[in-house]
Amino acid sequence: MAAREAGGVVLGKSAEKLFSLSGLFAVYKPKGPTSASVLNLLKEKLLAEAGVQTNGNKRKQVLKIGHGGTLDSAAAGVLVVGIGKGTKMLKTMLSGSKKYTAIGVLGKATDTLDATGKVTEEKPYDQITKGDLENVLPKFTGDIMQVPPLYSALKKGGERLSTLMKRGEAVEAKPARPVRVYSLSLQQFQPPLFTLDVECGGGFYVRSLVSDIGKELSTCATMQELTRTKHGPFTLEQHALYEDKWTIDEIARSLEHCMSLLPGEPSHKKLKTEHPGETAVSCEDK
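Residues numbered from 1 in each chain as written. Predicted model: local features only at pLDDT ≥ 70, side-chain atom pairs only at ≥ 80, totals over all residues. Heavy atoms only, no water.

(A) Local environment of the overall build of the protein. Helix and strand counts for the protein come out as nine helices and 16 strands. Across the 286 residues of the protein, 48% fall into the buried class. For the protein, the proportion of contacts with a sequence separation of at least 24, taken over those separated by at least 6, is 73%. Split by element, the accessible area of the protein, about 13,900 Å² in all, is 49% carbon and sulfur. (Helix = DSSP H or I, 4+ residues; strand = E, 2+ residues; numbered from the N terminus. Buried < 20%, exposed > 50% of the residue type's maximum accessible area, 1.4 Å probe, protein only. Contact = heavy atoms within 4.5 Å. Areas by Shrake-Rupley, 256 points an atom, 1.4 Å probe, with all protein chains shown as cover.)

(B) Here's a closer look at unusual backbone geometry. Cis geometry is adopted by the peptide bond preceding proline 192, which originates at proline 191 and carries an omega value of 10°. Tracing the sequence through the fold places proline 192 in the loop between strand E12 (177-190) and strand E13 (193-200). Phi is positive for serine 218, which is not a glycine, with a value near 60°. In this structure, serine 218 sits in the loop between helix H7 (206-216) and strand E14 (221-231).

(C) The side chain of aspartate 114, seen in detail. Looking at the secondary structure, you find aspartate 114 in the loop between strand E7 (108-110) and strand E8 (119-122). One buried charged residue, aspartate 114, remains without a salt bridge, the closest side chain of opposite sign being arginine 207 at 4.4 Å. Reaching out from aspartate 114, the side chain makes a polar contact with the side chain of threonine 112 at a distance of 2.6 Å. There is a polar contact of 2.5 Å between the side chain of aspartate 114 and the side chain of threonine 116. (Lys, Arg positive; Asp, Glu negative; His and termini not counted. Salt bridge = Lys/Arg side-chain N within 4 Å of Asp/Glu carboxyl O. Polar contact = N/O pair within 3.5 Å; in protein donor to acceptor, adjacent residues only side chain to side chain.)

(D) Examining the pattern of salt bridges more closely. One pass over the full model with this rule turns up eight salt bridges. A salt bridge links lysine 17 to aspartate 249; the shortest N-O distance between them is 2.6 Å. Taken as a pair, lysine 17 in helix H1 (residues 13-20) and aspartate 249 in helix H8 (residues 248-259) lie far apart in primary sequence, 232 residues in all. Since its relative accessible area comes to 38%, aspartate 249 is described here as partly exposed. The salt bridge partner of lysine 45 is glutamate 243, with a shortest N-O separation of 3.8 Å. Separated by 198 residues along the polypeptide, lysine 45 in helix H2 (residues 35-50) and glutamate 243 in the loop between strand E16 (240-241) and H8 bring together distant segments of the chain. Note on lysine 45: relative accessible area 30%, which makes it partly exposed.

Geometric values such as these leave the question of function open.
So, in structure tokens, the structure goes:
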């Protein structure tokens, strides 16, 4: 039987299996690299295991893969990946709820709203009690308006705001936009640190939430750590594959399990017509 070809490359058995993979699964994104870097590393490992030898940018054309929901480089947790026809499912299937655990720091503000930025303000926080913090949380629950951070993946003239800011270019704040917070709770309070669990919809910035909570308490706050614990039906504990599991066989097993958590085949067929030619989607959620 003749071996199948992809991008002009003759495929062996491992490659045949790789290019037959289709659907959604989740990987663990560690703190440090960008979401795009994690995706590229995953792609490189899979192509290397499959023995696919191509030159230059042809690798990117050979394997159809994308992620749905950017995590900041400083954040960790669930990154949902679409492979094959699964890339067309990313936006619609996963623009829904996400869960995060965030650690905030009272009394300090930064230009990026997280620990990677420069400190822009410091204010007293000793007067704030656990009750004070719990009492402001309902104001940030439900359908609310939120101003996105200046340092973000949102774009102006085709370039990310964060890229423009790093070049020193003047960037105007984006207008407040509607976002949804399904649940918000205080898990720990050890001043100046506080830990929140938040479940939110698409387009929500946890960094902005932490900053806004600080302002509501008449001080300031910035986010120290962020972990995405759930995205759609996929959880950090049960579904996210760590790098040592980024193999063709492990992903095949994960796809079988993860796809069973999603709506049935009719929804998938509908999605294919709604997003023709879509190969990679990322929503700004951090």
